[in-house]
Amino acid sequence: MMLQNGLNKIRDLHAANIDKGWMGTDGSTVEETQTGLQSGESDSKLAVTITSQDKMNVINYTCDKDTAIGNTYREFAVILDGTVEYLRVTFTGIAHAANDDIVVRQSIFYRNP
Amino acid sequence: MTEYDSVKVKDQLGRPEDKGITIKRFDDTVIPEVGPTEVFKRDITNSFILSDATNGRLGVYNGAGGKQIVLGWDDRDKLLTVVSNPNKIFHEHFRHTYFKDAATTADWAVSEGQLNFTTGEIAQSTSIALLDGTIYKSTINVIVFSGSVSNLAFQLSADGGSHWENVTHATEHSFTVTGTDLRFKITASGTVTVTDIDVAYS
């Protein structure tokens, strides 16, 4: 079994490679074979901050009121090493209008089977 | 799988060369589990901003309860808008308090990664699924570290806590009152420690 220290080391290695997040407008079902967002909005590709907690990373993404507005977002991806989209999640459409920030908090846990 | 050098192992054990020894150790597997996605909107609310059509009108009440006291973009409200979970299964590992409701009296022990109950204590969540489709059915499972699951009473709400319905552990429940805001409530009748909670919904 991987020990707590080992899980946290993997957490840190993973965190070191996470750069950005971005959003898209396609809310279709997530499939493992997909390579990323289905309809990403390039202006929303922004740096993220990561908060590490025990056996857990929390990815904090903010698309502010002046950025990539005028779209209804339904998908979010986390990007590793600048190019690889590590995960894709979908959600109910969120309209991004002027005056609104959109903030996404994505948790990733590291655990034994 | 890691296979160690059998000759070296044999040397160390003093075995003759014709005795084959292989030691195999299964590799550790670590699962990176994608947790809940929480989407917030932070809007202008009542902040005073010069030239804003609604909030920038000096001396004009905008119907917001006289709260036009904040200048600029700071101090805006951050409103949880969506919570979605991969495969519509929420996992709580007690590594944070994002989903701990203020009504909780049990020990939501993040430092230990567990939830500690004594008799009469409750653990209640905030929205664990929000606007992630209409919720008609749900199943709650807990992993008990000590004590007995029979000392826990489970309730779920699909409408943000307006209606709580009694449910049986590990048994699918069909809601009488459906909704889009799923929450759980657990009440203890003994001393119990829980390490994980899974709530599946559809």
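See the structure shown above.
Each value, and the rule that gives it
Residues numbered from 1 in each chain as written. Chains lettered and ligands numbered in written order. Predicted model: local features only at pLDDT ≥ 70, side-chain atom pairs only at ≥ 80, totals over all residues. Heavy atoms only, no water. Salt bridge = Lys/Arg side-chain N within 4 Å of Asp/Glu carboxyl O. Helix = DSSP H or I, 4+ residues; strand = E, 2+ residues; numbered from the N terminus. Buried < 20%, exposed > 50% of the residue type's maximum accessible area, 1.4 Å probe, protein only. Contact = heavy atoms within 4.5 Å. Buried area = accessible area lost by both parts, 1.4 Å probe. Polar contact = N/O pair within 3.5 Å; in protein donor to acceptor, adjacent residues only side chain to side chain. Nonpolar A, V, L, I, M, F, W, Y, C, P; charged D, E, K, R; others polar. Pairing = 2+ DSSP bridges.

1. Details of the pattern of salt bridges
Point 1. Following the criterion strictly, the structure yields eleven salt bridges over all chains and no others.
Point 2. A salt bridge links Asp 26 of chain A to Arg 88 of chain A; the shortest N-O distance between them is 3.8 Å. Here the residue Asp 26 of chain A occupies a position in the loop between strand 1 (18-24) and strand 2 (46-47), and Arg 88 of chain A occupies one in strand 6 (residues 84-96), the gap between them amounting to 62 residues.
Point 3. Judged by its relative accessible area of 25%, Asp 26 of chain A is partly exposed.
Point 4. Overall, the relative accessible area of 9% leaves Arg 88 of chain A in the buried class.
Point 5. Between Asp 132 of chain B and Lys 88 of chain B there is a salt bridge, and its shortest N-O distance comes to 3.5 Å. Of this pair, Asp 132 of chain B sits in strand 9 (residues 129-146) while Lys 88 of chain B sits in the loop between strand 4 (78-84) and strand 5 (89-92); the two residues are 44 residues apart in sequence, bridging distant segments of the chain.
Point 6. The class for Asp 132 of chain B is buried, based on a relative accessible area of 12%.
Point 7. For Lys 88 of chain B, a relative accessible area of 30% puts it in the partly exposed group.
Point 8. Salt bridges sharing partners connect three or more residues here, namely Asp 26, Glu 75 and Arg 88 of chain A.

2. Looking at the interface of chain A and chain B
Point 1. With 34 residues of chain A at the interface, the matching set in chain B holds 30 residues.
Point 2. A combined buried area of about 3,100 Å² lies between chain A and chain B, and 54% of that area is made up of carbon and sulfur atoms.
Point 3. Here chain A and chain B share four salt bridges between them.
Point 4. Across the salt bridge formed by Glu 33 of chain B and Arg 111 of chain A, the nearest N and O atoms sit 2.5 Å from each other.
Point 5. Between the two partners, chain A and chain B, sit 19 residue pairs in polar contact (both at pLDDT 80 or more).
Point 6. Elements with a contribution of two residues or more to the side of chain A that touches chain B: helix 1 (4-17), strand 4 (56-63), strand 6 and strand 7 (101-111) of chain A.
Point 7. Broken down by element, the residue count for the side of chain A that touches chain B peaks at eleven residues, all from strand 7 of chain A.
Point 8. Looking at the side of chain A that touches chain B residue by residue, the class counts come to 19 nonpolar, eight polar and seven charged.

3. Brief notes about the pairing of strand 7 of chain A
Point 1. Counting buried positions over the eleven residues of strand 7 of chain A gives ten, a clear majority of the element.
Point 2. With eight bridges joining them, strand 4 of chain A and strand 7 of chain A adopt antiparallel strand pairing. Considered in strand 7 of chain A, the bridge of Asn 57 of chain A is made with Ile 108 of chain A.
Point 3. Direction of pairing for strand 7 of chain A relative to strand 3 (residues 31-42) of chain B: antiparallel, over a ladder of ten bridges. Among the inter-strand pairings, Arg 105 of chain A is bridged to a residue of strand 3 of chain B, identified as Glu 38 of chain B.

4. What about the environment of His 14 of chain A?
Residue and element names in this part refer to chain A.
Point 1. Tracing the backbone through its elements, the reader meets His 14 in helix 1.
Point 2. In this structure the C-alpha to C-alpha distance between His 14 and Val 58, which are 44 residues apart in sequence, comes to 11 Å.
Point 3. For His 14, the contacting residues outside a window of four places in its chain are Asn 57, Leu 80, Tyr 86, Ile 108 and Tyr 110.
Point 4. A distance of 2.5 Å separates the side chain of His 14 from the side chain of Tyr 110, its partner in a polar contact.

5. Examining the side chain of His 96 of chain A
All names here are of chain A.
Point 1. Relative to the helices and strands, His 96 is located in strand 6.
Point 2. On the accessibility criterion, His 96 (1% relative accessible area) is buried.
Point 3. Here Asp 64 takes part through its backbone oxygen, which lies 3.1 Å from a polar atom of the side chain of His 96.
Point 4. If we skip the residues at most four places from it in the chain, His 96 touches Cys 63, Asp 64, Lys 65, Thr 67, Ala 68, Ile 69, Gly 70, Asn 71, Tyr 73, Asp 101 and Ile 102.

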